[in-house]
Amino acid sequence: MLTFPFSLADPIRYPGPPPQASDVVIIGGGVIGVTTALFLAKRNISVTLVEKGRIAAEQSSRNWGWIRKQGRDADELPIVIEACRLWRELAEESGEDIGLNQTGVTYLARSQKDLAGFDAFMKIAAEHDLDTRLIDGDETANLFEGASRRYAGAMVTPSDMRAEPWLAVPALARLAVRHGVKIVENCAARALELSAGRVSGVWTEAGLIATSSVLVAGGAWSSLFLRKHGISIPQLSVRATVAATGPLPEIHAGAAADAQIAFRRRQDGGYTLAPGGSSQLSLGPDAFRHAPKYLPVLKANPLGMRYRLAAPAAFPDSWTTPRDWTPDGPSPFEAMRVLDPAPEHARLRAIEHDFQALFPQIGPVSLRTTWAGMIDAMPDVVPIVDRAQAIDGLFVATGMSGHGFGIGPGIGRVVADLIQGNDPGHRLHRFRLARFSDGSAIRPGPGL
Ligand SMILES: Cc1cc2nc3c(=O)[nH]c(=O)nc-3n(C[C@H](O)[C@H](O)[C@H](O)COP(=O)(O)OP(=O)(O)OC[C@H]3O[C@@H](n4cnc5c(N)ncnc54)[C@H](O)[C@@H]3O)c2cc1C
């Protein structure tokens, strides 16, 4: 029986001990770590994946489950197009029902100004032959029958998909294990072991794993891990609140959002709801350190962020989280095995109210489950997918900035090739690690 959100009360499905040596070690059991491991194992590379808590217990099960091409940064688009194909193939190969459905994604426009805001993506969509189109107010009203609001129109991509994250990523982990990946849960990676400036192993809480290649796919924890090794990335984590209703009449089969609310039909007949607009950033040492890098994105959307004075203890950027530790003692990763922020209650009340007000025909809406997740944000809203120039054998795939679930298998395939020294097949310049230190201007990607 699957309970959600995942927590330490869930049994350890992949116990240790880890092996003493592995061709590749992956740090982090979210969608990025799991899919990279899977693609490497399919090529007969020995892979060990260490996860400090439980597979997919952080962002990769807590997300909305949108698999969208719509609204993507132009450089992410070829990877997410590949990811959509891979989702279908992997869902089939897993033999499990992960709730994958092609039901489309819609961005609703309340005004002509909102509609005009879609122009930039329409050009990108045309270059890639996407089925994205703009629809007028009447067609929008037909698509969302009974909506109490009259929309000016919408941008729609019918080929976009949805899946149930808390089913999908654990299913991919099981598939990875079938292909030979060794997963070890409850096993924090504490530090890299370096020999002559290159990776020679990973220190975990269960001992050293000798390896020549390591991927850091630690989501909101990646910056803390990398900083210990002298690599500074301006990654911050922001809290996003989500809720699931029980089963309701179907008002729309896909995923949709306006400025106020986002909703997605689930396969169990309920809706996953989230407030639109801003996320919440807790101020900590990293927030101050990296603030200048976030100015362009804040200028573009000044109301996009709300602030809290300090993160709870043991969060990645809390004031008391140690920034240094030794591999033979506990690290901050064991102190918080599952990052489980409390949802914001005012936002939950707003979601409940707004969804019911938008679709009065569904009757009273009650929230069955509520949760929050910490999104690993980057100042330009696109991830880092690169090898680290400073440390041979170290690879980084992190900072998915709130849209890493849908693109996950695409990034996993790309990173598997990077690690093997193959051509990754897509242009990765935009995602390079050095962009925050080589004097490049920060160029924010699309916000949603
Ligand atoms: C509320 C919310 C809604 C979202 N909605 C969508 C959506 O609809 N569509 C979409 O595409 N994306 C969405 N996202 C974003 C998406 O969920 C993430 O981008 C994606 O899951 C990131 O995957 P990841 O593997 O990089 O990180 P995570 O899933 O966060 O996994 C990282 C893992 O690394 C582990 N770890 C960290 N450090 C260590 C260590 N030192 N040792 C061992 N293990 C470690 C952590 O415990 C964690 O399990 C949403 C995110 C949130 C929070």
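The model shown is predicted, which means the values in this text are computed figures rather than measured ones.

S.K.: If you had to explain the packing of helix α1 (residues 31-42) against helix α7 (residues 165-178) to someone new, which residues and values would you point to?
M.R.: As a packed pair, α1 and α7 sit with axes 9 Å apart at the nearest point and diverge in direction by 25°. Considering their axes alone, α1 and α7 lie roughly parallel with respect to each other. When you trace α1 past α7, the crossing you get is left-handed. Note on element contacts: α7 touches α1 through Val169, Leu172, Ala173, Leu175 and Ala176, opposite Val31, Val34, Thr35 and Leu38. Considered class by class, the residues forming the contact of α1 with α7 number eight nonpolar, one polar and no charged.

S.K.: With reference to specific residues and values, describe the pattern of salt bridges.
M.R.: Scanning the model with the defined rule gives 29 salt bridges in all. Where Lys52 meets Glu58, a salt bridge forms, and the shortest distance between an N and an O atom there is 2.7 Å. With respect to class, Lys52 is no different from Glu58; both count as buried. Between Arg368 and Asp268 there is a salt bridge whose closest N-O contact spans 3.2 Å. Of this pair, Arg368 sits in strand β19 (residues 367-377) while Asp268 sits in the loop between β15 (261-265) and β16 (271-275), placing them 100 residues apart in sequence. Accessibility expressed as a relative area gives 35% for Asp268, which makes it partly exposed. Here the residues in one salt-bridge network are Arg43, Glu82, Arg413 and Asp417, joined through shared partners.

S.K.: Outline the sheet that holds strand β10 (residues 198-204), supporting the account with residue identities and numerical values.
M.R.: Read across the open sheet, the three strands follow the order β9-β10-β11; overall the sheet is antiparallel. Each edge of the open sheet carries a strand with a single partner, namely β9 (189-195) and β11 (207-210). For this sheet, the mean inter-axis angle between neighbouring strands, taken without regard to orientation, is 30°. Alignment of β9 against β10, held across six bridges, turns out to be antiparallel. In the sheet register, Ser195 faces β10, and the bridge partner there is Arg198.

S.K.: Give me the environment of Pro322: which residues, what numbers.
M.R.: Residue position: Pro322 is located in the loop between β18 (305-308) and α10 (332-335). For the pair Pro322 and Leu224, spaced 98 residues apart in sequence, the C-alpha to C-alpha distance is 9.1 Å. Excluding residues that lie within four positions of it along the chain, Pro322 makes contacts with Leu224 and Pro332.

S.K.: Could you give me a rundown of helix α11 (residues 345-358), with the residues and numbers involved?
M.R.: The end-to-end C-alpha distance of α11 is 20 Å, a good match for the 20 Å that 14 residues give at a rise of 1.5 Å each. Restricting attention to buried positions, one finds in α11 the residues Arg347, Leu348, Ile351, Asp354, Phe355 and Leu358. Buried residues in α11, looked at end-on, bunch into an arc of 135°, giving them a common side. In α11, the exposed residues that point more than 90 degrees away from the buried face are His345, Ala346, Arg349 and His353. Considering only its buried residues, α11 is in contact with β13 (236-245), β15, β16, β18 and β19.

S.K.: Talk me through the pairing of strand β20 (residues 384-387); I want residue IDs and the actual numbers.
M.R.: Pairing of β20 with strand β21 (residues 394-398), which is carried by four bridges, proceeds in the antiparallel orientation. Residue pairing in the sheet places Ile384 in a bridge with Thr398 of β21. Connecting β20 to the antiparallel partner β21 that follows it, the hairpin turn spans six residues, and Gly393 within it adopts a positive phi of roughly 90°.

S.K.: Break down the site of the ligand for me, with residues and values.
M.R.: Taken together, 36 residues lie around the ligand, and Glu51, Ser60, Trp66, Gly404 and Gly406 are the ones closest in. Between the ligand and the protein, one listed contact pairs a nitrogen atom with a backbone N or O atom of Trp64 at 3.1 Å. The contact in question runs from an oxygen atom of the ligand to an N or O atom on the backbone of Gly65, over 3.4 Å. Secondary-structure elements contributing two or more residues to the shell around the ligand are α1, α2 (59-62), β13, β19 and α12 (404-420).

S.K.: Explain the sheet that holds strand β1 (residues 24-27) residue by residue, including any values.
M.R.: Here six strands make up an open sheet; going across it, the order is β8-β2-β1-β12-β21-β20 and the pairing mixed. Taken across any chain shown, the strands that pair with only one partner, and hence form the sheet edges, are β8 (182-184) and β20. Between one strand axis and the next, the sheet turns by 15° as a mean value, whatever way the strands run.

S.K.: Summarise helix α3 (residues 77-94); cite the residues concerned and give the values.
M.R.: For an α-helix the count is 3.6 residues per turn, leaving residues at separations of three or four pointing the same way. Between the first and last C-alpha of α3 there are 25 Å, a value that for 18 residues agrees with the 26 Å anticipated at 1.5 Å per step. Listed as buried for α3 are Leu77, Ile79, Val80, Glu82, Ala83, Cys84, Leu86, Trp87, Leu90, Ala91 and Ser94. In this fold, the buried residues of α3 make contact with α1, β3 (66-67), α5 (119-127), β7 (161-162), α7 and α12. Positive backbone phi, approximately 75°, marks Gly95, located one or two places after α3.

S.K.: Describe the side chain of Arg72, with residues and values.
M.R.: Topologically, Arg72 is positioned in the loop between β3 and α3. With a relative accessible area of 2%, Arg72 lands in the buried category. Leaving out residues up to four positions away in the same chain, Arg72 has contacts with Leu77, Val80, Phe121, Ile124, His403, Gly406, Ile407 and Pro446.

Rules behind the numbers
- Sequence positions are assigned chain by chain, starting from 1 and proceeding in written order.
- Thresholds applied to this predicted model are a pLDDT of at least 70 for local features of residues and 80 or more for the giving and counting of side-chain atom pairs; totals over whole chains, interfaces and linings are not thresholded and use all residues.
- Hydrogens and water are ignored here; the side-chain numbers use all heavy atoms of the structure.
- Axes, fitted as lines to C-alpha atoms, cover a helix only where it is in contact. Angles between the N-to-C directions of the axes lie from 0 to 180 degrees.
- Helix and strand labels come from DSSP, where a helix needs a run of H or I of at least four residues and a strand needs a run of E of at least two; each type is numbered from the N terminus.
- In this scheme, roughly parallel covers angles under 35 degrees and roughly antiparallel covers those over 145, while 65 to 115 is roughly perpendicular and the rest are oblique.
- Crossings are classed by handedness, with left-handed meaning an anticlockwise turn of the near helix from the far one by less than a right angle and right-handed meaning a clockwise turn.
- What makes two residues a contact is simply this: any of their non-hydrogen atoms within 4.5 Å.
- Under the scheme applied here, ten amino acids are nonpolar (Ala, Val, Leu, Ile, Met, Phe, Trp, Tyr, Cys and Pro), four are charged (Asp, Glu, Lys and Arg), and all others, including Gly, are polar.
- Salt-bridge detection follows one rule: a side-chain nitrogen of Lys or Arg within 4 Å of a carboxyl oxygen of Asp or Glu.
- Think of it in three bands: with a 1.4 Å probe and only protein chains considered, a residue is buried below 20% of the maximum accessible area for its type, exposed above 50%, and partly exposed in between.
- The criterion for strand pairing is that DSSP finds at least two bridges linking the strands in question.
- Each residue after the first adds 1.5 Å to the expected span of a helix.
- It is the directions from the helix axis to the C-beta atoms that the arc portrays.
- Throughout, near means a residue has at least one heavy atom within 4 Å of the molecule or strand.
- Polar contacts, as counted here, are pairs of nitrogen or oxygen atoms within 3.5 Å of one another; within protein the pair requires one atom able to donate a hydrogen and one able to accept it, and residues that are adjacent in sequence qualify only if both atoms are side-chain atoms.

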